[in-house]
Amino acid sequence: MLVPNQKIDLPILEEKGVTLYIKREDTIHPHISGNKYRKLKYNLLEAERQGHATLLTFGGAFSNHIAATACAGKEKGFKTIGVIRGEELRDSWQENPTLRLAREHGMEFHFVSRSDYRRKNEKTFLDKLEEVFGRCYVLPEGGTNTLAVKGCEEILTESDTKFDIVCSCVGTGGTLSGLINSVKAHQTVWGFPALKGDFLKEDIRKFARNENWDLITDYHFGGYAKVDVGLINFINVFKKETGIPLDPVYTGKMLFGIFDLVKKDTFKKGAQILAIHTGGLQGIEGMNLALKKRNLPLLDV
């Protein structure tokens, strides 16, 4: 699948002698965009090969993975079940744009407490889910497994070998692992985690076969889904200047980080950077609801 690379022409890049392109993975599909499309590709083929009729997966209220699985399942003829973190959502899910989208595409919800949700990888917990829902093809939270990494290894193409540094945001590490496995020896992969903590390195090493990568951990803005006015303003200005929408949880933080590093002269003159836009734009509506409650500026849609 050919995905366009869009060159970013902004004065700071020219001033610092840095070239930046964005791979528009967000344009792959209206609902199954970016890395979620890649992660689901081979998993859906495997579910079909094994004769499964139902996909079961896990996520929070604003999960891109939940939305993408529901949409992909409907498109490919699977029933879908989402195990959703937070029992309090059982009577209010209609107010949540991500869950509304998932339900519109046929997903059945199973709401569990946060303590039960933490057991999502335990065999006894999974066995109980099978008792309730029958035989299912189980996708992990965020969608990362060996087949998901295989799909993400297809993000880069031969024409991308000209870039020195490939950047991606990081959630569970599957997308970054796929990029690490597919770059050439002269290239380096930089991951920008959306979560606090150093635990991601071990998760990535489970799948990554190379060592030409690093995590840039200074741009999580306090943790998963945490934002501030500076980030919101950056995303809105970036969209106005380039026409590219960014989500505030993942790609917005990565691009904020890249431009901050450009300003700090972290990149050598002449450096060619490719940033992967991993989609996630469906989450903007939900984020705006949260921002409105906090009397913060809203993201342009």
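The written sequence of each chain sets the order in which its residues are numbered from 1. Note on the predicted model: pLDDT of at least 70 is required for a residue's local features to be given, and 80 or more for side-chain atom pairs to be given and counted; whole-chain, interface and lining totals, by contrast, use all residues. Values reported for side chains reflect all heavy atoms of the structure, with hydrogen atoms and water molecules removed beforehand.

Participant: Any details on the pattern of salt bridges? Residues and values, ideally.
Facilitator: By salt bridge we mean one thing: a side-chain nitrogen of Lys or Arg within 4 Å of a carboxyl oxygen of Asp or Glu. Applying the stated criterion across every chain yields a total of 19 salt bridges. Between Arg49 and Glu46 there is a salt bridge; the shortest N-O distance is 2.7 Å. One end of the pair is Arg49 and the other is Glu46, both in helix α2 (residues 35-49) and 3 residues apart, which spans about a single turn. Linking Glu202 and Arg205 is a salt bridge whose minimum nitrogen-to-oxygen distance equals 2.9 Å. Comment: elements are numbered from the N terminus, with helices defined as DSSP H or I runs of at least four residues and strands as E runs of at least two.

Participant: Any details on the pairing of strand β7 (residues 165-170)? Residues and values, ideally.
Facilitator: For every residue, the accessible area obtained with a 1.4 Å probe (protein chains only) is divided by the maximum for its type, and the residue is called buried under 20%, exposed over 50%, and partly exposed between those limits. Across the 6 residues that make up β7, a large majority, 6, are buried. Side chains Ile165, Cys167 and Cys169 of β7 all project onto a buried face; the interleaved residues Val166, Ser168 and Val170 project onto the opposite face, where all are buried too. A pair of strands is treated as paired once DSSP finds two or more bridges between them. Direction of pairing for β7 relative to strand β8 (residues 188-193): parallel, over a ladder of 6 bridges. Paired with Val170 across the two strands is Pro193, which belongs to β8. Assessed by its sense of winding, the connection that carries the chain from β7 through helix α8 (residues 174-182) to β8 is right-handed. When β7 meets strand β10 (residues 272-276), the two strands line up parallel, connected through 3 bridges. Each bridged residue has a counterpart across the sheet, and for Ile165 the counterpart in β10 is Ile273. We call a crossover right-handed when, viewed with the strands running away from us, the connection from the first strand over the helix to the second turns clockwise.

Participant: Tell me about the sheet that holds β8, and name the residues and values.
Facilitator: Adjacent strands of a sheet pair through backbone hydrogen bonds, lying either parallel or antiparallel. Strand order in this open sheet of 6 strands is β1-β2-β10-β7-β8-β9, and the pairing throughout is mixed. Across the chains shown, the open sheet's two edge strands, defined by having one partner strand only, are β1 (5-7) and β9 (213-215). Adjacent strand axes in the sheet meet at a mean angle of 25 degrees when their direction is disregarded. Pairing of β8 with β9 involves 3 bridges; the strand directions are parallel. Following the sheet pairing, Trp190 is matched in β9 by Asp214. Each axis is a line fitted through C-alpha atoms, taken for helices only over the stretch in contact, and angles between the N-to-C directions span 0 to 180 degrees.

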